[in-house]
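As a plain string of letters, each chain reads:
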Amino acid sequence: MQLVLLTRLLSVGRAVLAALRGRLGALCWSLAPLSLSLPLSLSLPGWRDSSPRPQREQEGDDAAPTPTSVNYHFTRQCNYKCGFCFHTAKTSFVLPLEEAKRGLAMLKEGGMEKINFSGGEPFLQDRGEFVGKLVQFCKQELELPSVSIVSNGSLIRKQWFEKYGEYLDILAISCDSFNEDVNVLIGRHQGKKNHVENLHKLRQWCREYAVAFKINSVINRFNVEEDMNEQIKALNPVRWKVFQCLIIEGENSGEDALREAEKFVISDEDFDRFLDRHKDVSCLVPESNEKMRDSYLILDEYMRFLNCRNGRKEPSKSILDVGVEAAIKFSGFDEKMFLKRGGKYVWSKADMKLDW
């Protein structure tokens with residue numbers, strides 16, 4: 001019992017120290033001239049200070065938004081090759097576990113209520129152990145109301161649910177089509193694995209281990225005419241997030257991009273027709289390019305906020321170096337659009353009252 005108590009006291013102490021360190025970094029950053037680039041605490045591999053700074057970096061007096069809901073893309077590596085992917089494998093870097101925990105504690109101190117782990121494919125790192133330990137830390141130590149993961153689902157095993165399922169509120173599985181040939185065209189496949197069959201298996205495991213099940217679909221040129229009503233209703237997710245295919249320069253478009261998403265793009269009218277075809281699906285949550293581009297707080301593998309306002313992903317300084325408040329000012333985050341699109345909802349499984 002004494003060992004358990006000591007361990008918890010050490011965890012709390014680490015979280016407090018991380019928060020103080022972040023605040024000190026933010027103070028130092030605010031006192032430094034904007035023309036200088038000061039290495040305050042951590043020199044990260046792959047850091048390129050020559051990266052273009054977002055427009056809001058010139059506007060340091062703006063009030064910082066609250067990081068209520070954060071999407072942490074801790075890895076860019078993936079075992080799928082979806083043609084429209086807008087967070088591609090441009091690096092293989094992953095923060096050490098303890099540094100990632102330190103940053104998460106700083107975000108909690110800054111007002112974070114929901115963390116979503118994404119990639120790349122989050123279950124690639126240490127066969128899911130890395131994300132599992134982060135999920136457990138965020139729920140057990142930080143006591144966040146909501147912890148979620150977005151995954152393609154291909155690498156998740158039942159043993160993972162047995163070990164970490166109690167700490168996870170929502171598992172979102174990306175599925176763009178219920179026609180396996182279309183999934184192959186898109187690049188959402190690996191070998192002979194059937195993506196749709198695996199989706200149903202994961203749905204059942206979520207029921208068994210009391211994890212809310214969600215589906216994410218990117219509507220593009222290859223699936224825009226598909227009717228998914230019957231399949232979605234049968235799977236009965238808590239939310240079906242439907243995105244319009246989005247172009248991000250340097251990620252899925254342009255000379256230095258790893259994907260060519262232009263052939264996947266659909267018009268606003270095409271997207272509206274798809275939504276109209278599925279208007280009777282009660283869990284449908286549509287997100288056009290207009291709603292999506294600036295209304296997500298995206299944290300990359302170096303824990304830098306990514307500003308998408310100029311059609312690219314322009315990184316802030318890392319929160320590990322300058323603190324959450326200083327970094328988030330340059331994120332381009334549209335807090336009003338976040339609320340308008342329904343970004344804040346009942347996201348803790350304890351409050352969902354679901355019939356598992």
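Residues numbered from 1 in each chain as written. Predicted model: local features only at pLDDT ≥ 70, side-chain atom pairs only at ≥ 80, totals over all residues. Heavy atoms only, no water.

You'll find the protein chain entered in an unreviewed UniProt entry as S-adenosylmethionine-dependent nucleotide dehydratase RSAD2, with Molothrus ater given as the organism. Heading Subcellular location (unreviewed entry) of the UniProt record for the protein chain holds this comment: "Endoplasmic reticulum membrane". In the Sequence similarities (unreviewed entry) part of its UniProt record, the protein chain is described as follows: "Belongs to the radical SAM superfamily. RSAD2 family." (UniProt positions renumbered as here; feature names shortened; annotations may be inferred.)

Novice: What should I look at first to understand unusual backbone geometry in this one?
Specialist: Negative phi is the rule for most residues except glycine; trans is the rule for most peptide bonds. In this structure, Gly120 follows Gly119 across a cis peptide bond, with omega equal to 15°. You can see Gly120 is positioned in the loop between β2 (114-118) and α3 (129-141). A positive phi angle, near 55°, is found at Glu143, a position not held by glycine. Mapping Glu143 onto the fold places it in the loop between α3 and β3 (146-151). (Helix = DSSP H or I, 4+ residues; strand = E, 2+ residues; numbered from the N terminus.)

Novice: Could you clarify how one ought to interpret the packing of helix α2 (residues 97-109) against α3 in this entry?
Specialist: Packed helices, taken two at a time, are described by the angle their axes make and the gap between the axes. At their nearest, the axes of α2 and α3 sit 11 Å apart, and the two run at 35° to each other. Relative to α3, α2 is oriented so that their crossing is right-handed. Only Phe130, Lys133, Leu134, Phe137 and Cys138 of α3 make contact with α2, whose side of the interface consists of Leu97, Ala100, Lys101 and Leu104. Looking at side-chain class alone, the contact of α2 with α3 contains 7 nonpolar, no polar and 2 charged residues. (Axes fitted to C-alpha atoms, helices over the stretch in contact; angles between N-to-C directions. Left-handed = near helix turned anticlockwise from the far one by under 90°. Contact = heavy atoms within 4.5 Å. Nonpolar A, V, L, I, M, F, W, Y, C, P; charged D, E, K, R; others polar.)

Novice: Looking at this structure, I do not really get the pattern of salt bridges. What am I missing?
Specialist: Pairing is possible between side chains that carry opposite charge, provided their charged atoms lie close to one another. Following the criterion strictly, the structure yields 17 salt bridges and no others. Across the salt bridge formed by Lys163 and Glu129, the nearest N and O atoms sit 3.0 Å from each other. Taken together, the residues span a long stretch of sequence, with Lys163 in helix α4 (residues 158-164) and Glu129 in helix α3 at a distance of 34 residues. A residue is classified by how much of its surface remains accessible, and Glu129, at 25% relative accessible area, is partly exposed. A salt bridge links Asp300 to Arg304; the shortest N-O distance between them is 2.9 Å. Residue class for Asp300 comes out buried when judged on its relative accessible area of 1%. Residue Arg304 is classed as buried on the basis of its relative accessible area, which comes to 9%. Three or more residues joined by partner-sharing salt bridges are found here, namely Arg221, Glu225, Asp270, Arg273 and Arg277. (Salt bridge = Lys/Arg side-chain N within 4 Å of Asp/Glu carboxyl O. Buried < 20%, exposed > 50% of the residue type's maximum accessible area, 1.4 Å probe, protein only.)

Novice: Would you take a moment to explain the pairing of strand β10 (residues 314-318) for this structure?
Specialist: The element β10 is largely enclosed, with a buried count of 5 among its 5 residues. Here 3 bridges tie strand β9 (residues 304-307) to β10, and the two strands are oriented antiparallel to one another. Residue pairing in the sheet places Leu306 in a bridge with Pro315 of β10. Turn length for the β9-β10 hairpin, with the two strands adjacent in sequence and antiparallel, is 6 residues, and the turn residue Gly311 shows positive phi of about 80°. (Pairing = 2+ DSSP bridges.)

Novice: I would appreciate a short explanation of α3 in the present structure.
Specialist: In an α-helix there are 3.6 residues to a turn, and that puts residues three or four apart on one side. With 13 residues, α3 should cover 18 Å at 1.5 Å per step; its first-to-last C-alpha distance of 17 Å lies within 8% of that length. When we look at burial in α3, the residues that qualify are Phe130, Val131, Gly132, Leu134, Val135, Phe137 and Cys138. Tucked into the core, α3 has its buried residues touching β1 (69-73), α2, β2, β3 and α4. Two residues or fewer past α3, Glu143 is found with a positive phi of approximately 55°. (Expected span 1.5 Å × (residues − 1).)

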